[in-house]
Amino acid sequence: MRKFLASTGAAATFLACGSAYADQPRPWETGFQAPATDMMRQIEWFGNYTMWFIIPVTVLVLFLLIYCIIKFRASANPTPSKTSHNTLIEVIWTVGPVVILLCLAIPSFTLLTAQYTPPEEAKLTVKATGNQWNWDYEYQTDNTLAFNSAILQDGDRAKAGKEDRAVYPRLLAVDNELVVPVNTMTRVLVTATDVIHSFAMPSFGIKIDAIPGRTNETWFKADREGLYYGQCSQLCGKDHAFMPIAIRVVSDTQFKTWLAAAKTDLPGANKTLMAEVDGQNKVAAAGN
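Numbering of residues begins from 1 in every chain and follows the order in which that chain's sequence is written. For a predicted model such as this one, the threshold for reporting local features is a pLDDT of at least 70, and the threshold for listing and counting side-chain atom pairs is 80 or more; totals across whole chains, interfaces and linings nevertheless cover every residue. Only hydrogens and water are removed before side-chain values are computed, so all heavy atoms of the structure are retained for them.

Visitor: Help me out: how do you make sense of the overall build of the chain in this one?
Guide: The helix count covers DSSP runs of H or I at least four residues long, the strand count covers runs of E at least two residues long, and both are numbered beginning at the N terminus. Counting its secondary structure elements, the chain contains six helices and 10 strands. Only protein chains enter the calculation, and the probe is 1.4 Å; a residue is then buried if its accessible area is under 20% of its type maximum, exposed if over 50%, and partly exposed in between. Buried positions account for 37% of the 288 residues belonging to the chain. Accessible surface for the chain amounts to roughly 16700 Å². Of this, 62% is attributable to carbon and sulfur atoms. Per-residue and other accessible areas follow the Shrake-Rupley method at a 1.4 Å probe size, with only the shown protein chains counted as cover for residues.

Visitor: Sorry, what's going on with the nonpolar core here?
Guide: For soluble globular proteins, nonpolar side chains are generally found buried alongside one another. As used in this record, nonpolar core signifies buried Ala, Val, Leu, Ile, Met, Phe, Trp, Tyr and Cys residues forming a set joined through side-chain atoms within 4.5 Å. Residues Trp135, Tyr137, Tyr139, Phe199, Phe204, Ile247 and Trp258 are the most contacted members of the largest nonpolar core, which totals 41 residues. Core analysis: the second largest hydrophobic core is formed by 11 residues, Leu152, Leu172, Ala246 and Met274 among them.

Visitor: Whenever I open this one, helix H3 (residues 87-115) confuses me. Can you help?
Guide: Count 3.6 residues to each turn of an α-helix, and residues three or four apart come out pointing the same way. To estimate the expected span of a helix, subtract one from its residue number and multiply by 1.5 Å. Its 29 residues give H3 an end-to-end C-alpha distance of 42 Å, which sits within 8% of 42 Å, the value for a rise of 1.5 Å per residue. One side-chain oxygen of the residue at the start of H3 lies 3.2 Å from the amide nitrogen of Leu88, identifying that residue as Asn86. Pairing of N or O atoms within 3.5 Å defines a polar contact, subject to two protein rules: one partner must be a possible hydrogen donor and the other a possible acceptor, and residues neighboring in sequence count only if both atoms are side-chain atoms.

Visitor: For this particular structure, what's the right way to read the pairing of strand S2 (residues 134-139)?
Guide: Every other side chain in a regular strand lies on the same face of the sheet, so the side chains alternate between the two faces. Criterion used throughout: strands pair if DSSP finds at least two bridges between them. Pairing of strand S1 (residues 124-131) with S2 involves six bridges; the strand directions are antiparallel. Bridging across to S2, Ala128 finds its partner in Tyr137. Here S1 hands over to S2 after two residues, the two strands then running antiparallel side by side. Hairpin connection from S2 to strand S3 (residues 145-149): five residues lie between these consecutive antiparallel strands, with Asn143 at a positive phi of about 55 degrees.

Visitor: It is not clear to me how the packing of aromatic side chains should be interpreted in this structure. Could you clarify?
Guide: When we look at a pair of aromatic rings, we describe it by the centre distance and by the angle of the planes. Aromatic pairs are defined between Phe, Tyr and Trp rings, using the six-membered ring for Trp, whenever the two ring centres lie within 6.5 Å; interplanar angles under 30 degrees are classed as stacked, those over 60 as edge-to-face, and all others as tilted. By the definition in use, this model includes 14 aromatic pairs. The interplanar angle of 80 degrees and the centroid separation of 6.1 Å between the aromatic rings of Tyr67 and Phe72 together place this pair among those described as edge-to-face. Since its relative accessible area comes to 47%, Phe72 is described here as partly exposed. Aromatic rings pair up to connect Tyr137, Tyr139, Phe147, Phe255 and Trp258 into one cluster.

Visitor: Could you clarify how one ought to interpret the environment of Tyr228 in this entry?
Guide: Following the sequence through the fold, Tyr228 ends up in strand S9 (residues 226-231). Its relative accessible area of 0% is what places Tyr228 among the buried residues. Note: C-alpha distance between Tyr228 and Gln24 (204 residues apart in sequence) is 6.1 Å. The residues touching Tyr228, leaving out its near neighbours within four places in the chain, are Ala22, Asp23, Ala36, Met201, Ser203, Phe204, Ile245, Ala246, Ile247 and Val249. Polar side-chain contacts of Tyr228 include one of 2.9 Å to the backbone oxygen of Arg224. The contact rule is simple, with two residues in contact once any of their heavy atoms fall within 4.5 Å.

Visitor: I tried to follow the sheet that holds strand S10 (residues 244-250) on my own but got confused; where do I start?
Guide: In a beta sheet, neighbouring strands pair by backbone hydrogen bonds and run either parallel or antiparallel. Strand order in this open sheet of three strands is S4-S10-S9, and the pairing throughout is mixed. Strands with a single pairing partner mark the edges of an open sheet, and in this sheet they are strand S4 (178-181) and S9. Between one strand axis and the next, the sheet turns through 25 degrees on average, direction left out of account. Sheet topology places S4 next to S10; four bridges connect them, and they run parallel. Bridging across to S10, Leu178 finds its partner in Ile247. Here, axes are lines fitted to C-alpha atoms. For helices the fit covers the stretch in contact, and angles between N-to-C directions go from 0 to 180 degrees. Across the sheet, helix H5 (residues 252-262) is in contact with S4 and S10; its angle to S4 comes to roughly 135 degrees.

Visitor: Help me understand the pattern of salt bridges in this model?
Guide: Where charged atoms of side chains with opposite charge meet at close range, the side chains can pair. What counts as a salt bridge is simple: a side-chain nitrogen of Lys or Arg found within 4 Å of a carboxyl oxygen of Asp or Glu. Per the stated rule, a full pass over the model turns up nine salt bridges. Salt-bridge contacts for Lys221 lead to Glu120; the nearest nitrogen and oxygen are separated by 3.0 Å. Placement of Lys221 in the loop between strand S8 (216-220) and S9 and of Glu120 in the loop between H3 and S1 is noted, with a sequence separation of 101 residues between them. Residue class for Lys221 comes out partly exposed when judged on its relative accessible area of 31%. Note that Glu177 is salt-bridged to Lys162, the shortest N-O span being 2.7 Å. One end of the pair, Glu177, is in the loop between helix H4 (157-160) and S4; the other, Lys162, is in the loop between H4 and S4, and 15 residues separate them in sequence. For Glu177, a relative accessible area of 2% translates into the label buried. Here Lys162 falls in the buried class, since its relative accessible area comes to 1%. One network of salt bridges, with partners in common, ties together Asp154, Arg157 and Arg165.

Next up, the structure:
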C-alpha cells in the first residue's frame, strides 16, 4: 500500500511539473520538492502518513482544552469535583500514546534503515568536500576528475551561458554543476576542510554533515533527468547562505561524453552538455 501511494504521488508530481528542468525551491513553498529518487518518495509518504496522527491528536487536545475551559470554569462549576482517580481515563491516556508511537516507530525505523542500506553496489563514487563557502567535487574514476563548484555571480552569467533565471535561479545556480548519470547508484563521500557543512539535496532525500577530519557517506539513485538544487544546511559562517549545491542528472551516454571531455576542458564540456540538454528540452516542449 505504501509503495502504491508513493508511486501514485510521484506520477502526479511528474505530470504536473514536467521533466525539463527537474525541480527547485519556489517562493512560499510549504511542501517537498518533486522527488527524483525512490528514497525521497518514501520520505514524502512517511511525512504524509504522520499527518494522519498529528492532525487528529492536535484537534483532540484543542477540543479537550476548550471543553475544560467552558465546562469547569469557576462560574459554571463553583463546587469542583474531588475525584482523584479514573481508571478508564488513565488506561486510555497510557495505552493510546503507546499505540500511536508504535504506529509511527515501525515505519520510521524501516525508513531509517533503508536510508543507510543501499539496495545495490554503487557504480559511481564522488567525493564532496565543503569549504567556506563552496564545494570541491572529485570523481573516483580512472584519471580522476576534480573541480570546484561555487555560487554563480550575476556578472558571470553571460559568459557561462546561464542567463535564464528560471533555469539557473539567483543564489542557487553554480559555475560548475555536479553531473551524474540517470538511474545509476551514486555514492557520495562527504567531508570538509574547515568547519562543519552539510550536503543536502531535497529532491534526492539526502542530507549529511561534512565534518573536517571525517568522511561520511550517503547515496542516491536519481530516476529523472534534470537540474536539481540544494544548499549547505549547517550554519558555517558569514556566507553560509551563498553555498548552493547543483546536480545535473543526464543520460548515461551524455555523462560518459561529458566526463571524457571534462578531464581536459571542463568549461567546454559544460557548455556542450548545456547546449545538448537545452536543445532536447526545446524539442520536447515543442512537441507538447
